[in-house]
Amino acid sequence: MTFMNNNANIKQFQLIKFINENCNDDHVISKISIVLRRDKIEAPYYMNTKIRISSCIDMPDNGIIHAMNVLNHNRMHNLTEENYNEIKSLIINAFDNDEESDQVKIFKEDKRLKIVLMSKNDEEFRNLLENCHELFEKIDNLID
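Residues numbered from 1 in each chain as written. Predicted model: local features only at pLDDT ≥ 70, side-chain atom pairs only at ≥ 80, totals over all residues. Heavy atoms only, no water.

### Re the pairing of strand β1 (residues 28-37)
Part 1: For β1, the buried fraction is high: seven of the ten residues fall into the buried class.
Part 2: With eight bridges connecting them, β1 and strand β5 (residues 112-119) associate as antiparallel partners. Bridged to Ile34 within β5 is Ile115. (Buried < 20%, exposed > 50% of the residue type's maximum accessible area, 1.4 Å probe, protein only. Helix = DSSP H or I, 4+ residues; strand = E, 2+ residues; numbered from the N terminus. Pairing = 2+ DSSP bridges.)

What follows is the structure in structure tokens.
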């Protein structure tokens, strides 16, 4: 019996959108990290995405009564120079003018760009998905 065939392609950001739309918990915590690099010899244009989603129910007097890791996903990409530049532009155009906050952290170096996006509740998570849909769609469509 084959669990998955070789043509399976999980669209990572479609998956987190599906989880969000079908999750009944209001306290969903997400952390999305996207790292672009252009310093490796064997893969000159490279991207690593990490997605973590947790859900918990807490009570003000009793602390956390339930916590669950819903998703811990990592995907690595070798990119073409064109895709690298397009994703880099999407990140810079979407977040460079914003001041850093608890939700958005940007780290820039000469050959490396990293963005970390965090949400601490369901509303922030939905806003993150909506505000970054173009970037997330571009990354999801790298593999068909």
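Resuming the write-up.
### Here's the deal with helix α1 (residues 12-21)
Part 1: Those residues of α1 that sit buried are Gln12, Phe13, Ile16, Ile19 and Asn20. Projected down its long axis, α1 shows its buried positions confined to an angular sector of 115°, all on one face. (Arc of directions from axis to C-beta.)

### Brief notes about the side chain of Ser33
Part 1: Examined against the element boundaries, Ser33 turns out to sit in strand β1.
Part 2: According to the relative accessible area criterion, Ser33 is buried, its value standing at 10%.
Part 3: If we ignore the near neighbours within four places in the chain, the residues touching Ser33 are Asn48, Thr49, Lys50, Lys114, Ile115 and Val116. (Contact = heavy atoms within 4.5 Å.)

### Remarks on the packing of aromatic side chains
Part 1: Across all of its chains, the model carries two aromatic pairs by this definition.
Part 2: On the basis of an interplanar angle of 0° and a centroid distance of 4.1 Å, the ring pair of Phe13 and Phe136 is categorised as stacked. Placement of the pair is Phe13 in helix α1 and Phe136 in helix α4 (residues 133-140), with a sequence separation of 123 residues.
Part 3: By relative accessible area, which is 4% here, Phe13 ends up buried.
Part 4: Taking the centre distance of 5.1 Å and the plane angle of 55° together, the rings of Tyr45 and Tyr84 count as tilted. Of this pair, Tyr45 sits in the loop between β1 and β2 (46-59) while Tyr84 sits in helix α2 (residues 81-95); the two residues are 39 residues apart in sequence, bridging distant segments of the chain. (Phe/Tyr/Trp six-rings, centres within 6.5 Å; stacked < 30°, edge-to-face > 60°.)

### Observations regarding the packing of α1 against helix α3 (residues 122-131)
Part 1: Two elements in contact, α1 and α3, have axes whose closest approach is 11 Å; the angle formed by their N-to-C orientations is 145°. Crossing hand, α1 versus α3: left-handed. Of the residues in α3, those touching α1 at Ile16, Lys17 and Asn20 are Asp122, Phe125, Arg126 and Leu129.
Part 2: Class assignment of the residues belonging to the contact of α1 with α3 gives a composition of three nonpolar, one polar and three charged. (Axes fitted to C-alpha atoms, helices over the stretch in contact; angles between N-to-C directions. Left-handed = near helix turned anticlockwise from the far one by under 90°. Nonpolar A, V, L, I, M, F, W, Y, C, P; charged D, E, K, R; others polar.)

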